[in-house]
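As a plain string of letters, each chain reads:
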Amino acid sequence: MFFFSLTMLATFALSRQQVYTFGWILWIVAVGLALGCVVSVKFTALGSVGFVGCFQLYLLFKTYVYNWRRWEHLPRVKYWFAAFLDAAIRGIAMLGIAAIVLYASFIMHLKYLPYRGEGDAFMSQEWRNSLVDKPAEHELPRLPAKYLPRLSTRERIHELVKTMWTSNMGLRAAHPGGSFWYEWPLMKGRLVHYWGGPLSTQHVSSVGNPAVWYLAVAGIIIVFLLAIYVFFTVFLYQIAAPRSRARTKLPSASSSPSHLHTHHQHTQHQQHTTFSACLQKILSKRIYLGLLLVIGYVGNWAPYVFIKRVCFNYHYLPALLMGCLICAYVWDIALKTLAKYTTNNNSSNKGKRMYLVAYLVYALLLGVIGWTFLHFAPWTYGSDATVEEQRSRMWIKEWYPGVD
């Protein structure tokens, strides 16, 4: 999760840099390093690679399609060449650096951990011929015989990665803490039991913060509703408006009576200062980012639909982090809309009251998150608690079936 968070940080920091500047190059390298680290830790983090790729496509769309007027002076061939070159540099740099980090981690693993162990049975005999017997204390390691057929470093890494992947995906054994992908968003799945019993004085499990998990789901629902709202109020209107104006020819300002022209201006001003108009203006430019975050959430969660091996609720954590980013996005949209509404209405009292209500809701949510964190902290840190206190934390019966 540490490297996943670094990947998200570097990705968003990169989006704020001017292309081909020193800062842009620095964050490109940072994204590649973070991606390499997160995939080196666990292959289930491959969803982060997909999100970074989608985010770069979004930035390319924003640069070369949405803001196409910046490139009007270029011939069409040079325009597309610039877009293709930008995409190629981003992809090759990030994936290349990530591949180097991944490859280097396996080289270090093979160099500093060359001993035989229980996992050798999964590997071919040629692969195992490169291993040494782990020495006892004050003994030198017994090196493998040189005449035995052995694989090159590249071949060993290729076989190791392939074996790890196929063996992991081939696991079919059940686990008492296993859960299903559709149970995770609402915390309905079983918890992974690490230490102590659920009703013992000390207990550690994979429980999360229910307030955070449920808020993440709420944020995703809000983004979907906002996307539907924008589609019907902004995009469809932009398509239909030119046709409507073509059918209805309004008199020009010079030919219309002055009082009608003044009334028209007043009506237009009212339309642009309503809260819904301000929300439409903000969303028309930022809804793409919200949908992209939802894609990142789904991309880190949906692959488990197709994974047949036993899974656990901690596999949901990358998607949960995307859900937290979605909640931050929703809050940012709310603040920007309120700011625009207040500015357009000359700092009206209504806008100030709405600001106050928004921050009160924010404070309330923070309070709920803090309380639930403290309430479930003993299940995270293993601190002492009475049986009754432990029983008060059994909010969802599916966590520990059969425990009353």
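Summarised in this report is the structure supplied together with it. (Residues numbered from 1 in each chain as written. Predicted model: local features only at pLDDT ≥ 70, side-chain atom pairs only at ≥ 80, totals over all residues. Heavy atoms only, no water.)

Looking at the side chain of Arg156
On the secondary structure map, Arg156 appears in helix α6 (residues 153-169). Within the buried core, Arg156 has no salt-bridge partner, and the shortest N-O distance to an opposite charge, that of Glu159, equals 7.8 Å. With residues near it in sequence (within four places) discarded, Arg156 still touches Leu110, Trp127, Ser130, Leu131 and Leu151. (Helix = DSSP H or I, 4+ residues; strand = E, 2+ residues; numbered from the N terminus. Buried < 20%, exposed > 50% of the residue type's maximum accessible area, 1.4 Å probe, protein only. Lys, Arg positive; Asp, Glu negative; His and termini not counted. Salt bridge = Lys/Arg side-chain N within 4 Å of Asp/Glu carboxyl O. Contact = heavy atoms within 4.5 Å.)

Some thoughts on the packing of aromatic side chains
What the rule picks out here adds up to 29 aromatic pairs. Look at Trp379 and Trp399: their rings are 6.1 Å apart centre to centre, the planes differ by 65°, and that puts the pair in the edge-to-face class. Of this pair, Trp379 sits in helix α11 (residues 349-381) while Trp399 sits in the segment after α12 (387-391), and the two are 20 residues apart along the sequence. For the pair formed by Trp379 and Trp399, the shared burial category is buried. Each residue in the set Phe180, Trp181, Tyr182, Trp184, Trp213, Tyr297, Trp301, Tyr304 and Tyr316 is aromatic and connected to the rest through ring pairs, giving one cluster. Arg156 extends its terminal NZ or CZ atom over the ring of Trp127, reaching a point 4.6 Å from the ring centre. (Phe/Tyr/Trp six-rings, centres within 6.5 Å; stacked < 30°, edge-to-face > 60°. Lys NZ or Arg CZ within 6 Å of the ring centre and 35° of its normal.)

Some thoughts on the environment of Val52
With respect to the helices, strands and loops of the structure, Val52 is situated in helix α3 (residues 46-66). Spatially, the C-alpha atom of Val52 lies 9.3 Å from that of Met94, the residues being 42 residues apart in sequence. Not counting residues within four places of it along the chain, the set of residues in contact with Val52 comprises Thr7, Thr11, Val31, Leu35 and Met94.

Section: helix α1 (residues 2-14)
Taking 1.5 Å per residue, 13 residues should reach 18 Å; α1 reaches 18 Å between its end C-alpha atoms and fits that length. Every buried residue of α1 is listed here: Phe4, Thr7, Met8, Ala10, Thr11, Ala13 and Leu14. (Expected span 1.5 Å × (residues − 1).)

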